[in-house]
Amino acid sequence: MVVPQAIQIQLKKEAHYGCVICGCPVLEFIDFNRTWNQRHELMRQEVFLPENMVAICPSHNKKFREGQIDPSFLASSKNSPFNMIHDDLAFATTSSNEFAVSMGGCTFVNTSRLLVVDDFELISMRRMDWRLLVIDVNFFNRTNQLVGIILENSWSSEWSKIGDWAIEYLRPKRLIIENKREGMYFEAKFENGNDIRILADGLCYNSQKIQITQNEVLLDGREIGVDIKGTVLTNYDVGIKAESVIF
């Protein structure tokens, strides 16, 4: 069962939108005060106790399930989350001023809907509480299956909790999400206080491959957003908008 949205929001807010251990902005939600069987049974019965739950990244969730992280450590981290202690390392802007996202040779200032294909949002990014970045990304594969989702930093995947996905939060402020089996790669990196760069490869929509380099955004090999390339756009509704090719 999926943790209710209201509880997810509560846990994300208290964790300052990052893993309580490392600050990674891709999150799952676990009950650390029960055994694995108890947690599974409570979720099956849709019983959720926010006071015993915490927001944690998939990598640390995997370690917790394998017994490498003690529940008491998670309880302590819940009260003193990483982003509260290490504000300079949180996936956040350094000020509440305008923030810019560079993607494929374009720069978008205060524009949340960054990539839209066929009116479907594939990549979005916005701020919560003035500085903390939240991300939405939809990971479709070549057969048009939605195999991974980030929705306001909440992570869900069709496979197991970590499965074939490698999710890393590297210093300084660099998020990498990779699935080698599907050939998918996504990166969001702060290049200075308020500027973020996005790179991607192997994401798809309508079975057409998406690549985002420093200089191009490609949809099935054709460059999109050419008319705005090299520009700085502020407060736009959509950054790059495209239509997929119908064969």
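Throughout what follows, the structure given in this document is the object of discussion. (Residues numbered from 1 in each chain as written. Predicted model: local features only at pLDDT ≥ 70, side-chain atom pairs only at ≥ 80, totals over all residues. Heavy atoms only, no water.)

Some words on the side chain of Asn141
Tracing the sequence through the fold places Asn141 in the loop between strand E7 (132-140) and strand E8 (146-151). Of note is the side chain of Asn141, whose polar atom sits 2.9 Å from the side chain of Thr143. Polar contacts involving the side chain of Asn141 include one to the main-chain amide nitrogen of Gln145, which spans 2.9 Å. When neighbours within four sequence positions are excluded, Asn141 is seen to be in contact with Val147, Glu182, Met184 and Cys204. (Helix = DSSP H or I, 4+ residues; strand = E, 2+ residues; numbered from the N terminus. Polar contact = N/O pair within 3.5 Å; in protein donor to acceptor, adjacent residues only side chain to side chain. Contact = heavy atoms within 4.5 Å.)

Let's talk about the environment of Cys57
Structurally, the position occupied by Cys57 is in the loop between strand E2 (53-56) and helix H3 (58-65). Taking the C-alpha atoms as reference points, Cys57 and Ile167, 110 residues apart in sequence, are found 8.1 Å from one another. The contacts of Cys57, once residues within four sequence positions are left out, are Cys19, Cys22, Cys24, Val26 and Leu27.

Examining the pairing of strand E4 (residues 106-109)
Residue alternation in E4 divides its side chains into two sets, Cys106 and Phe108 and Thr107 and Val109, and both sets are buried. Bridge count between strand E3 (residues 100-103) and E4: 4 bridges; the pairing is antiparallel. Directly across from Ala100, in E4, lies its bridge partner Val109. Between E3 and E4, which pair antiparallel and follow one another directly, the connecting turn spans 2 residues, one of which, Gly104, has a positive phi of 60°. (Buried < 20%, exposed > 50% of the residue type's maximum accessible area, 1.4 Å probe, protein only. Pairing = 2+ DSSP bridges.)

Some details on the pairing of strand E5 (residues 113-117)
A large share of E5 lies buried, amounting to 4 of its 5 residues. Across 4 bridges, E5 lies against strand E6 (residues 120-128) in antiparallel orientation. Each residue of the ladder has a partner; that of Val116, found in E6, is Glu121. Taking the residues between adjacent antiparallel strands as the criterion, E5 and E6 are bridged by 2 residues, where Asp118 takes a positive phi near 55°. By the bridge criterion, 4 bridges tie E5 to strand E18 (residues 238-242) in an arrangement that is parallel.

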